[in-house]
Amino acid sequence: MTVTRFAPSPTGYMHIGNLRTALYAYLITKHDNGRFILRIEDTDRERLVEGAVDVIKDTLKTTGLLWDEGPEVGGDHGPYVQSDRKPIYMEYAKKLVDLGAAYYCFCTKERLEQLHEEDATGGYDRHCRNLSKEEVEKNLAAGLPFVIRQKMPLTGVTTYTDAVFGEISMNNEELQDQILMKADGYPTYNFAHVVDDYLMQVTHVVRGSEYLSSTPKYALLYDAFGWERPTYVHLPLLMGKNADGTVSKLSKRHGAVSFADLVNDGVLPKAIINYIALLGWCPKENQQEIFSLEDLKGLFSLDGISKSPAVFDFEKLLWFNGEYLRAMDDADFLKVSARFIKSEIHEDINKNKMLALLKTRISKLTELDEKMAFFLALPDYDKELFLNKKNKINEFDTVKTVLCAAKDVLTNVESFDNDTLFAALAPLTEKLDLKTGAIMWCIRIAVSGLSATPGGATEIMEVIGKEATLARIDCALAKLV
Ligand code: GLU
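Basis of the calculations
- Counting restarts for each chain: residues are numbered from 1 in the order of the written sequence.
- Local features in this predicted model are restricted to residues of pLDDT 70 or higher, and side-chain atom pairs are both shown and tallied only at a pLDDT of 80 or more, whereas totals for entire chains, interfaces and linings draw on every residue.
- Calculated side-chain values reflect all of the structure's heavy atoms, with hydrogen atoms and water omitted.
- The way it works is that DSSP assigns letters per residue, a run of H or I at least four long becomes a helix, a run of E at least two long becomes a strand, and they are numbered from the N terminus.
- Values of the radius of gyration come from C-alpha atoms, whereas the globule rule sets the reference at 2.2 Å times the count of residues to the power 0.38.
- Three exposure classes are used, based on accessible area relative to the maximum for each residue type with a 1.4 Å probe and protein chains only: buried under 20%, partly exposed in between, and exposed over 50%.
- Every residue pair with non-hydrogen atoms within 4.5 Å of one another is taken to be in contact.
- Per-residue accessibility takes into account occlusion by the displayed protein chains alone, with areas from the Shrake-Rupley method and a 1.4 Å probe.
- Here Asp and Glu are counted as negative and Lys and Arg as positive; His is not counted, and neither are the chain ends.
- The atom standing in for a charge is NZ when the residue is Lys, CZ when it is Arg, CG when it is Asp and CD when it is Glu.
- With axes taken as lines fitted to C-alpha atoms, and helix axes fitted only over the stretch in contact, angles between N-to-C directions fall between 0 and 180 degrees.
- Reported orientations rely on four angle classes, namely roughly parallel under 35 degrees, roughly antiparallel over 145, roughly perpendicular from 65 to 115, and oblique for the rest.
- Put simply, Ala, Val, Leu, Ile, Met, Phe, Trp, Tyr, Cys and Pro go in the nonpolar bin, Asp, Glu, Lys and Arg in the charged bin, and everything else, Gly too, in the polar bin.
- Being near a molecule or strand, for a residue, comes down to having at least one heavy atom within 4 Å of it.
- Within 3.5 Å is the distance limit for a polar contact, defined as a pair of N or O atoms, with the added protein rule that one can donate a hydrogen and the other accept it, and that residues adjacent in sequence qualify only through two side-chain atoms.
- The pocket and cavity definitions rest on a 1 Å grid over protein atoms only: a 1.4 Å probe that fits but cannot leave marks a cavity, an open set with protein on both sides within 12 Å along at least five of seven lines marks a pocket, and residues lining either have an atom within 4 Å of a point.
- For a cavity or pocket, the test is whether more than half of a molecule's atoms lie within 2 Å of its grid points; if they do, the molecule sits there.
- Two cysteine sulfur atoms make up a disulfide if the distance between them is within 2.5 Å.
- Strands are treated as partners if at least two bridges between them are detected by DSSP.
- In plain words, nonpolar cores are sets of buried Ala, Val, Leu, Ile, Met, Phe, Trp, Tyr and Cys residues tied together by side-chain atoms within 4.5 Å.
- Grid points are joined across faces, edges and corners, and a volume is the space filled by probe spheres set on the points.
- To count toward a patch, a residue needs a relative accessible area above 30% and no salt bridge. Like charges then connect within 9 Å, nonpolar side chains (Val, Leu, Ile, Met, Phe, Trp, Tyr) within 5 Å.
- We define a salt bridge as a side-chain nitrogen of Lys or Arg found within 4 Å of a carboxyl oxygen belonging to Asp or Glu.
- Pairing of aromatic side chains requires ring centres within 6.5 Å, counting the rings of Phe and Tyr and the six-membered ring of Trp. Pairs whose planes differ by under 30 degrees are stacked, by over 60 edge-to-face, and all others tilted.

Section: the overall build of the protein
Of the regular secondary structure elements, the protein holds 19 helices and 12 strands. Computed over C-alpha atoms, the radius of gyration of the protein comes to 32 Å, more than 25% over the 23 Å expected from 2.2 N^0.38 for 481 residues, which places it beyond the range of a compact globule. Each of the three principal axes of the protein carries a C-alpha extent, and together these read 110 × 45 × 40 Å. Considering the protein as a whole, with its 481 residues, one finds that 49% of them fall into the buried category. In the protein, of all internal contacts separated by at least 6 residues, the share reaching a separation of at least 24 is 72%. Counting every atom, the protein has about 23100 Å² of accessible surface; 50% of that belongs to carbon and sulfur. Within the protein, the 70 negative side-chain charges are centred at a point lying 1 Å from the centre of the 56 positive side-chain charges.

A few points about the packing of helix α12 (residues 330-337) against helix α13 (residues 351-359)
Any two packed helices are characterised by how steeply their axes cross, that is the angle between the axes, and by the distance between the axes. Remark: α12 packs on α13, axes separated minimally by 10 Å, with the N-to-C direction vectors making an angle of 90°. One element, α12, and the other, α13, form an angle in the roughly perpendicular class. Two secondary-structure elements touch here, α12 through Asp330, Phe333, Leu334 and Ser337 and α13 through Asn352, Leu355, Ala356 and Lys359. Of the residues contributing to the contact of α12 with α13, the split by class is four nonpolar, two polar and two charged.

Here's the deal with the site of the ligand
Residues in close proximity to the ligand include Arg5, Ala7, Pro8, Ser9, Glu41, Tyr189, Arg207 and Tyr211, which together make up its full environment. Here a nitrogen atom of the ligand and a backbone polar atom of Ala7 are 2.8 Å apart. Taken by itself the ligand offers 300 Å² of open surface, and the protein chains cover 84% of this. When atoms are counted within 2 Å of each cavity's grid points, the one that captures over half of the ligand is the largest pocket. In the shell around the ligand, the residues fall into four nonpolar, one polar and three charged.

Some details on the packing of helix α1 (residues 16-31) against helix α9 (residues 269-277)
One can describe the packing of α1 onto α9 by two numbers: an axis separation of 10 Å at closest approach and a directional angle of 80°. Taken together, the axis directions place α1 and α9 in an arrangement best described as roughly perpendicular. Contacts from Ile16, Leu19, Arg20, Leu23 and Tyr24 of α1 reach α9 at Ile272, Ile273, Ile276 and Ala277. A per-class count over the contact of α1 with α9 returns eight nonpolar, no polar and one charged.

Regarding the state of the cysteines
Under the definition given, this model contains zero disulfides. Counting only cysteine sulfurs, Cys128 is the nearest neighbor of Cys107, a cysteine outside any disulfide, at a range of 3.6 Å. On the basis of relative accessibility, which here comes to 15%, the residue Cys107 falls in the buried class.

Observations regarding the sheet that holds strand β3 (residues 102-105)
Taken in spatial order, the three strands make up an open sheet running β3-β4-β7, and their pairing is antiparallel. The open sheet has two edge strands, β3 and β7 (179-181), and neither has a second partner. Strand-to-strand twist of the sheet, defined as the mean angle between neighbouring strand axes without regard to direction, takes the value 40°. In the sheet, β3 pairs with strand β4 (residues 147-150) via four bridges, with the strands oriented antiparallel. Following the sheet pairing, Ala102 is matched in β4 by Gln150.

Describing the nonpolar core
Membership of the largest hydrophobic core comes to 133 residues, with the highest contact counts inside it found for Leu65, Phe191, Ile272, Phe375, Leu403 and Ile443. Counting residues per element, this core draws most heavily on helix α19 (residues 457-480), at 10 residues. Sequence-distant contacts of Ile272, that is, excluding residues within four places in its chain, are made with Ile16, Leu19, Phe259, Leu262, Val263, Val267 and Leu317. Core analysis: the next-biggest nonpolar cluster, separate from the first, contains seven residues, Tyr103, Cys105, Cys107 and Cys128 among them.

Describing the environment of Glu414
With respect to the helices, strands and loops of the structure, Glu414 is situated in the loop between α15 (396-412) and α16 (418-425). Separated by 10 residues in sequence, Glu414 and Ala424 have C-alpha atoms that sit 9.7 Å apart.

Side note on the layout of surface pockets
Reported here for the largest pocket is a volume of approximately 980 Å³. What lines the largest pocket is a set of 38 residues, and nearest its centre among them are Pro8, Ser9, Asn18, Glu210 and Tyr211. Residue contributions to the lining of the largest pocket peak at four residues, all from α1. Residues that form the lining of the largest pocket fall into these classes: 17 nonpolar, 12 polar and nine charged.

Observations concerning a negative patch on the surface
Together, Glu110, Glu113, Glu117, Glu118 and Asp119 make up a region of like negative charge exposed at the surface. Note on placement: Glu118 falls in helix α4 (residues 109-118).

A closer look at the sheet that holds strand β10 (residues 238-241)
Pairing in this open sheet of three strands is mixed, and the strands run β11-β10-β12 from one edge to the other. The open sheet has two edge strands, β11 (247-249) and β12 (310-312), and neither has a second partner. Across this sheet, the average inter-strand angle for adjacent strands is 45°, counted without regard to direction. Pairing of β10 with β12, which is carried by three bridges, proceeds in the parallel orientation.

Observations regarding the packing of aromatic side chains
Applying the stated criterion to the full structure yields 20 aromatic pairs. Ring centres of Tyr92 and Phe225 lie 5.8 Å apart, and the angle between their planes is 75°; on these two criteria the pair is classed as edge-to-face. Taken together, the residues Tyr92 in helix α3 (residues 86-98) and Phe225 in helix α7 (residues 215-225) connect sequence positions 133 residues apart. The pair Tyr92 / Phe225 is uniform in exposure class, with both members buried. A ring pair is formed by Tyr275 and Phe320, whose centres lie 5.7 Å apart and whose planes are at 45°; its orientation type is tilted.

None of this, on its own, says anything about what the molecule does.
Quick look at the structure:
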């Protein structure tokens with residue numbers, strides 16, 4: 001059975017790159033009806049941020065990436081928070097010492113600092129690598145603080161095969177004797193994740209490509225324990241577009257890069273998931289771009305993952321968002337838009353109708369206030385706006401004639417819905433010998449004060465109601481005298 005895990009460190013917000021990792025890990029396993037594990041990697045105690053675990057859990061729940069094992073839901077391989085697994089790591093580290101693949105190091109902070117001062121790039125000089133068993137016993141009995149380091153082979157090459165990047169090799173002489181257990185008794189990420197992935201029976205380790213070059217060290221740990229290595233799936237880098245057209249690693253200077261920022265900016269979680277699914281993966285023989293999470297589960301496959309860096313393009317994300325907004329039913333749109341509307345909406349406004357019109361004309365929910373402003377209050381406009389070559393409105397007198405006739409009709413119309421209004425105004429075409437387009441143009445400018453609007457004249461009138469319509473027409477006639 002396929003088993004993947006998402007193993008974030010709770011160090012703050014949910015970066016869109018992390019969410020993509022979670023999504024790919026989820027899809028790889030769900031494509032095979034496998035298990036998806038959430039594991040919290042909190043052994044770097046200095047980097048912990050309060051509330052970060054909740055952000056992680058909330059984001060996964062909101063996006064539908066529900067974990068089968070992990071915090072809250074439990075499972076057979078818990079606990080799922082690394083700080084709760086502390087004794088397990090020490091046990092395995094000692095095992096590794098017994099196997100000859102790790103050693104106790106008693107070097108003091110001062111000695112290490114001195115080393116660093118002498119050669120900042122040299123790393124650890126393996127001073128304690130060959131301490132005798134007796135010396136180690138003596139130091140431990142004396143209660144000297146220690147770390148446990150991985151004993152890297154000094155010659156040869158370590159190779160592993162990554163499912164995306166292919167064969168990756170490293171000369172062993174380049175590998176540092178990295179720390180596995182720290183002096184505070186906590187494991188490093190380098191050790192903890194290997195032990196956990198083994199104990200949790202993870203079959204596919206899915207993560208960002210920043211781990212590509214350190215993975216030989218992890219593969220050596222598997223080998224030393226005699227464990228079968230997992231399949232490694234490193235994901236392509238995520239880049240952001242710079243102002244000068246170049247690209248660089250996606251970071252805050254590229255704008256909103258956290259899930260929460262994007263949602264607060266009016267982007268729908270479903271659109272985010274759809275878009276980031278395609279940042280580094282593409283379906284075989286499928287030209288379509290809109291995919292639900294269910295679609296993605298069915299289609300996702302490892303061989304569709306690319307190793308070329310993917311560029312996060314906010315405009316493209318907004319295109320997806322617009323598609324999702326348009327596809328929403330009006331009731332759902334009403335619900336999701338509520339928290340983004342700051343404007344006061346007078347009760348005479350037909351809010352449902354207004355939102356239905358706006359739904360198809362925005363690319364993010366934060367545009368709503370600006371786009372609805374003209375419904376709520378008539379903007380100041382210049383009477384020149386009425387003149388329009390295409391509709392052959394070349395004189396203000398024509399506009400006046402149309403608006404006076406329309407006012408008569410609208411004053412007497414019994415219901416103010418779109419269809420009734422349209423039917424009531426239709427006879428004016430013949431009466432005034434003007435095209436429908438010309439008549440509607442004059443009315444639309446009068447009731448909106450804008451040359452381009454969401455919806456036509458009659459739809460706008462349905463939204464603002466009879467009183468506001470007649471008042472706006474009067475206002476137009478006053479401009480035209
Ligand atoms: N805790 C690591 C991180 O947040 C996880 C890397 C991995 O998935 O192995 O980057």
